[in-house]
Amino acid sequence: MCRRIVRYFLRVIVNSTPLIALCNIGRLDLLQKVYGRIIIPQAVFDEVTEKDDSACRQIKQRPDWIEIEQISDKSQKQMYRAKLHDGEVEVMILAQETPTSDLVIIDDNAAKKTAKFLGLHVTGTLGVLLRAKRMGLFEEIAPVIDDLCKNGFYVDDTVRAIALRQAGENQ
């Protein structure tokens, strides 16, 4: 008998790209439905709210399930500056500052690799969609991925095929 291991994360820390992508398709609520509440670092809040767009307006409303946190030691940011944006760096620092079981939601490949190297639990926007489907929030994720792509979110064909296969939606 095969047992499925389920990880429960005490904190879910989200970068700007997943927030913007989900806002652009009117599905920011998925983060609440899947994780309950999320945390965004101040740098992510600043990045998302610098443009007056859908994501900016939704995040500025400050839903009670989105918490904004400051990193404790801003000097740590210098160690990550090479290829990463402020929001990605603060997501990782925030996840490392507290000894709890954190999940970071980041889409940028360089940032994902760095977070995994640091030993963090990592997923991306497609991972959120897969989890939502497993929870019964979608019958199919293919149309949601299509919506993301129509709204400027890039999904490589290989990555799309893997996500659809994991969702049981073989093409």
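Conventions we followed
Residues numbered from 1 in each chain as written. Predicted model: local features only at pLDDT ≥ 70, side-chain atom pairs only at ≥ 80, totals over all residues. Heavy atoms only, no water. Helix = DSSP H or I, 4+ residues; strand = E, 2+ residues; numbered from the N terminus. Buried < 20%, exposed > 50% of the residue type's maximum accessible area, 1.4 Å probe, protein only. Contact = heavy atoms within 4.5 Å. Areas by Shrake-Rupley, 256 points an atom, 1.4 Å probe, with all protein chains shown as cover. Salt bridge = Lys/Arg side-chain N within 4 Å of Asp/Glu carboxyl O. Pairing = 2+ DSSP bridges.

Please give an account of the overall build of the chain that cites residues and values.
A tally of helices and strands in the chain yields 9 helices and 5 strands. Its helices and strands in sequence order give the chain the pattern β-α-α-β-α-α-β-α-β-α-β-α-α-α, from N to C terminus. Each of the 171 residues in the chain was classed as buried or not, and the buried ones make up 45%. By sequence separation, contacts in the chain at least 24 residues apart represent 62% of the contacts at least 6 residues apart. Split by element, the accessible area of the chain, about 9700 Å² in all, is 48% carbon and sulfur.

Lay out the environment of Asp73 in plain terms, naming residues and giving numbers.
With respect to the helices and strands, the residue Asp73 is situated in the loop between strand 3 (66-69) and helix 5 (86-97). By relative accessible area, Asp73 is classed as partly exposed at 33%.

Quick one: what's the story with the pattern of salt bridges, residue by residue and with numbers?
Applying the stated criterion to the full structure yields 7 salt bridges. Residue Glu69 pairs with Arg11 through a salt bridge whose shortest N-O separation is 3.2 Å. With Glu69 in strand 3 and Arg11 in strand 1 (residues 11-14), the pair connects residues that are 58 residues apart, well separated along the chain. Residue classification places Arg11 among the buried positions, given a relative accessible area of 9%.

Account for the pairing of strand 2 (residues 38-41), with residues named and values stated.
Going residue by residue along strand 2, you find Ile38 and Ile40 tucked away on one face and Ile39 and Pro41 tucked away on the opposite face as well. Examined bridge by bridge, strand 2 and strand 3 share 4 bridges and lie parallel to one another. Its bridge partner lying in strand 3, Ile39 is registered against Glu67.

Coordinates in, geometry out; function isn't part of it.
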